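# A structural walkthrough
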Protein chains: 2
Amino acid sequence: MRTEARKIADSPLEWVSGSGDSSGIILSSRVRLARNLEDHIFPWRASREEMLACEERIRSRILSENSLRSFRVFEIDQLDPLARGVMIERHLISPSLAKGGPGRGTAVDDRGIVSILVNEEDHLRIQAFLGGLRLHEAWRVARQIDQILEDLVYAFDSRIGFLTTCPTNIGTGLRASVMIHLPALSVLRKVGKVASDCGRIGLTVRGMFGEGSDSAGSLFQVSNQVTLGQTEEELIEKVSGVAAGLVRQEQAARDRLLSEKRSGLEDKAWRAWGLLRFSRNMGIREALELVSLARMGSETGVLPKVPSSTWNLLLMDIQKAHIQARAESDLTPEELDSTRSGILREAFGPFHQTGQLS
Amino acid sequence: MRTEARKIADSPLEWVSGSGDSSGIILSSRVRLARNLEDHIFPWRASREEMLACEERIRSRILSENSLRSFRVFEIDQLDPLARGVMIERHLISPSLAKGGPGRGTAVDDRGIVSILVNEEDHLRIQAFLGGLRLHEAWRVARQIDQILEDLVYAFDSRIGFLTTCPTNIGTGLRASVMIHLPALSVLRKVGKVASDCGRIGLTVRGMFGEGSDSAGSLFQVSNQVTLGQTEEELIEKVSGVAAGLVRQEQAARDRLLSEKRSGLEDKAWRAWGLLRFSRNMGIREALELVSLARMGSETGVLPKVPSSTWNLLLMDIQKAHIQARAESDLTPEELDSTRSGILREAFGPFHQTGQLS
């Protein structure tokens, strides 16, 4: 049973490689398109048969398309809870889709760039993830998939655009988002301000782990709130521009910490390093926090250099379903914390420094 | 000015070597004798001239005695505050004596076993420190000095014994104490119970750093409360017996932690190790706490083996006056914390372990 979960956990994700601009701070860029099929009742009021029929059409289209031959199609109900958990942690499916039910599924490409959610809130959610600040490129990738699947005939109104289950997605059906790491702005307690500034121009800042500006690990998702009244390119450009601005703000905050509070920053970073390299039990929240501080330390030259890909990979590898998927048998909460600790110790082993005064 | 302080900080202390029985848990044994000279008014009501005259007699006796030729005699008022601070941290003088004044002094032997306090609360306080549980031996050493100095003719009453300024010291004038490290009993919150048990049989348990059972670094002093009504040998035997009992209790508590809470103990110990080896700023309280946990970890085989002498030496080297004495110039509180951190990192460098899973 664990085999499938482990296979998914071990499959690649393009963004993890740390490619793309500003990839130390912008971990990933995502473009998601919400689409529905004209000939089918929308999922929220569709019958079981309707759901299955719709899924069947979508699956056939994907499987018959030569350019999508690298996609694997999953039926959620055929996946055990562990495999679904791993998919959620990799953002390949949403917690809502993970609940399963008739006709619910997903299709994932073998490079870990695209996932197509089937019969979640809408018939189709096409999402493309890339590393760094690459929203324009992610939009091109999503658009390609979109152009293939539009053979299925989308529910579309020439005046308002694509029709969706929730009015907030109507129009372009596009949500552009970046996953951004803001440890220095968090230390300086500036994230609340950043979030309200973003709110005023129609963007949302949300913690990746936990809520609002109190996100564990200083990881945030910045995305557009509305999808209507602007073109796809305008939306992409807006989120991209704000993301680039946040990168500059975070860099300035790091420079400020380095110049004005260097000793405190060094202490925080080295303590995080010491705990990551030596602890024997660690909960996810503390692990995210320490990884965040150590990553900032490494990127600012205070700690040994560790590649972005190592930091990115850890964000998934230390999560519950990923750990369980790779274990021989079900781990107790204590075993989970001790295994997480072991993963962290091993991750930093190759970048070992004694911490001696030079 | 710093030269004298540094010289004292660098001078040996026999107990630091970690010799003697149970020296992992009983850091040192001390016997202290309170004595006064029959021909002189007791210090609390003596005039300046009286104090100076008394000190002069004591000093001449020490300096004229061949068997005490290794002693260095200090006049407190001639020592700068830093040197006095170092002496307090080494327990060579009391904070009360450190205040100085006419005729106040101390004499210290070159092996760091004996210090003779002059004109503190009593004319003479003879103290002998040895490593491990060696109260009988410390008593013999103190007795030898006592027999030399009794040429000065002590204030003595054949019915009640030696006369002292404070009634609690009357009789034998003897206080036997051990400095004991009880981290496992502290973790298990048993120190309060231990202290009240000791109280019932006339012994006092006091934190070495801080008060009562909340001592930083789990270091306690166990000593006899009364000095009257029992012979010196009986008092020594009693404190010795209780100290040996506490060693067994602490050992049992460590065994219990190892068998019942091993994972928690390992985590605590390795975290302490990681922080000691990597932090950049550390206050004294946290340092004492982490040194205590790491020492227990090392002694129970969870952490790399570190000799007792390293742990013992650190207890002085990380303290304020010792750090200042060895600095080139006065350190700010921030510099003090960062220097302390550096001392700790260097101390554990030679015992380096990567913390990798084996």
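Predicted model only: the values in this text are computed from it and were never measured.

### Looking at the overall build of chain A
- A tally of helices and strands in chain A yields 13 helices and 10 strands.
- Against the compact-globule benchmark of 21 Å for 358 residues, chain A has a radius of gyration of 21 Å, which places it among compact chains.
- C-alpha extents for chain A along the principal axes are approximately 70 × 50 × 30 Å.
- Expressed as a percentage of contacts within chain A between residues at least 6 apart in sequence, the contacts between residues at least 24 apart total 72%.
- A total of about 14,800 Å² of accessible surface is found on chain A, and carbon and sulfur atoms cover 51% of it.
- Separation of charge centres in chain A, based on 46 positive and 47 negative side chains, amounts to 5 Å.

### A few points about the sheet that holds strand β3 (residues 105-108) of chain A
All names here are of chain A.
- Strand order in the open sheet made by the 8 strands is β2-β3-β4-β5-β1-β8-β10-β9, with antiparallel pairing throughout. Each having just a single partner strand, β2 (72-75) and β9 (203-207) make up the two edges of the open sheet. The average angle at which neighbouring strand axes cross in this sheet is 20°, direction not considered.
- Where β3 and strand β4 (residues 114-118) come together, 4 bridges link them in antiparallel fashion. Following the sheet pairing, Ala107 is matched in β4 by Ile116.

### Things to note about the sheet that holds strand β8 (residues 174-181) of chain B
Residues and elements named next belong to chain B.
- In spatial order, the strands read β2-β3-β4-β5-β1-β8-β10-β9; together these 8 strands make up an open sheet with antiparallel pairing. The sheet terminates laterally at β2 (72-75) and β9 (203-207), the two strands that pair on one side only. Here the average twist between neighbouring strands, direction ignored, is 20°.
- Across 5 bridges, the pairing between β8 and strand β10 (residues 219-224) is antiparallel.

### Considerations on the domain arrangement of chain A
All names here are of chain A.
- For chain A, the assigned domains read domain 1 (2-255) and domain 2 (261-348).
- Taking only C-alpha atoms, the centre of domain 1 and the centre of domain 2 are 26 Å apart.
- Opposite the 31 residues of domain 1 that make contact, domain 2 presents 28 residues.
- Carbon and sulfur atoms make up 59% of the area that domain 1 and domain 2 hide from each other, which totals about 2,500 Å².

### Brief notes about the packing of helix α1 (residues 2-10) of chain B against helix α3 (residues 81-89) of chain B
Residues and elements named next belong to chain B.
- For the pair α1 and α3, the least separation of the axes is 8 Å and the interaxial angle reads 10°. With respect to α3, the element α1 is oriented roughly parallel. Between α1 and α3, the residues in contact are Arg2, Glu4, Ala5, Ile8 and Ala9 and Leu82, Ala83, Val86 and Met87, respectively.
- Of the residues belonging to the contact of α1 with α3, the class tally is 7 nonpolar, no polar and 2 charged.

### Some points on the packing of aromatic side chains
- Within this structure, the stated rule accounts for 13 aromatic pairs over all chains.
- Their ring planes at 5° and their centres at 5.7 Å tell us that Phe278 of chain A and Trp270 of chain B sit as a pair that is stacked. Of this pair, Phe278 of chain A sits in helix α9 (residues 262-278) while Trp270 of chain B sits in helix α9 (residues 262-278), each in a different chain. Side by side, Phe278 of chain A and Trp270 of chain B carry an identical accessibility label, which is buried.
- Aromatic side chains Tyr154 of chain B and Phe162 of chain B sit 5.9 Å apart centroid to centroid with 75° between the ring planes, which places their arrangement in the edge-to-face category. Comparing Tyr154 of chain B with Phe162 of chain B shows no difference in burial state: the two are buried.
- Sitting over the ring of Phe162 of chain A, Arg35 of chain A keeps its end group 3.5 Å from the ring centre.

### Let's talk about the packing of helix α11 (residues 308-317) of chain B against helix α13 (residues 333-348) of chain B
Residue and element names in this part refer to chain B.
- Taken N-terminus to C-terminus, the directions of α11 and α13 make an angle of 170°; their axes are 11 Å apart at the nearest point. It follows from the interaxial angle that α11 and α13 lie roughly antiparallel. Along its contact with α11, which presents Thr310, Trp311, Leu314 and Asp317, the element α13 presents Ile343, Leu344, Ala347 and Phe348.
- Looking at the contact of α11 with α13 residue by residue, the class counts come to 6 nonpolar, 1 polar and 1 charged.

### Considerations on unusual backbone geometry
- Its identity is not glycine, yet His91 of chain A carries a phi of approximately 60°, on the positive side.
- With a relative accessible area of 30%, His91 of chain A lands in the partly exposed category.
- For Ser22 of chain B, which is not glycine, the phi dihedral falls at a positive 50°.
- Checked against the element boundaries, Ser22 of chain B lands in the loop between α1 and β1 (26-35).

### Brief notes about the pairing of strand β4 (residues 114-118) of chain B
Residue and element names in this part refer to chain B.
- By the criterion of burial, β4 is predominantly enclosed, with 5 of the 5 residues buried.
- Connecting strand β3 (residues 105-108) to the next strand, β4, in antiparallel fashion are 5 residues, including Gly112 with a positive phi near 70°.
- Direction of pairing for β4 relative to strand β5 (residues 124-131): antiparallel, over a ladder of 5 bridges. Across the sheet, Ile116 pairs through a bridge with Ile126, a residue of β5.
- Where β4 folds back onto β5 in an antiparallel hairpin, the turn is made up of 5 residues, including Asn119, whose phi is positive at roughly 60°.

### Remarks on the environment of Met296 of chain B
All names here are of chain B.
- Relative to the helices and strands, Met296 resides in helix α10 (residues 284-299).
- Overall, Met296 belongs to the buried group, its relative accessible area being 1%.
- Spatially, the C-alpha atom of Met296 lies 8.2 Å from that of Arg254, the residues being 42 residues apart in sequence.
- In contact with Met296, other than residues within four places in its own chain, are Pro183, Ala184, Val187, Arg254, Leu257 and Leu265.

Reading guide: rules and limits
Every residue gets a number counted from 1 within its own chain, in the order that chain's sequence is written. As they are written, the chains are lettered A onward and the ligands numbered 1 onward, keeping that order. In keeping with the predicted nature of the model, local features appear solely for residues at pLDDT of at least 70, side-chain atom pairs appear and are counted solely at 80 or more, and the whole-chain, interface and lining totals rest on all residues. In computing side-chain properties, one takes all heavy atoms of the structure into account and sets aside hydrogens as well as water. Every helix listed is a DSSP run of H or I at least four residues long, and every strand listed is a run of E at least two residues long, numbered separately from the N terminus. Taken over C-alpha atoms, the radius of gyration is set against a globule rule of 2.2 Å times the number of residues to the power 0.38. Here a residue-residue contact requires only that any non-hydrogen atoms of the pair lie within 4.5 Å. Only the protein chains shown count as cover for residues, with accessible areas throughout obtained via the Shrake-Rupley method and a probe of 1.4 Å. Counting rule applied: Lys, Arg positive; Asp, Glu negative; His and chain ends not counted. Charged groups are reduced to one reference atom each: NZ for lysine, CZ for arginine, CG for aspartic acid, CD for glutamic acid. Pairing between two strands is assigned when DSSP locates at least 2 bridges connecting them. Axis lines are fitted through C-alpha atoms, for helices just across the contact stretch, and the angle between N-to-C directions can take any value from 0 to 180 degrees. Each domain's extent was defined by an automatic or database domain assignment. Note: buried area is the sum, over both parts, of the accessible area (probe 1.4 Å) each one loses when the two are combined. Each angle is binned into one of four classes, with values under 35 degrees roughly parallel, values over 145 roughly antiparallel, values of 65 to 115 roughly perpendicular, and all other values oblique. As a working rule, the residues Ala, Val, Leu, Ile, Met, Phe, Trp, Tyr, Cys and Pro are called nonpolar, Asp, Glu, Lys and Arg charged, and the rest polar, with Gly in that last group. Two rings from Phe, Tyr or Trp (for Trp, the six-membered ring) form a pair when their centres sit within 6.5 Å of each other. Planes less than 30 degrees apart are called stacked, planes more than 60 degrees apart edge-to-face, and all others tilted. Throughout, exposure labels follow a simple rule: accessible area from a 1.4 Å probe, protein chains only, divided by the maximum for the residue type, with under 20% read as buried, over 50% as exposed, and the rest as partly exposed. Throughout this description, the term charge over a ring refers to an Arg CZ or Lys NZ atom that lies within 6 Å of the ring centre and within 35 degrees of the ring normal.

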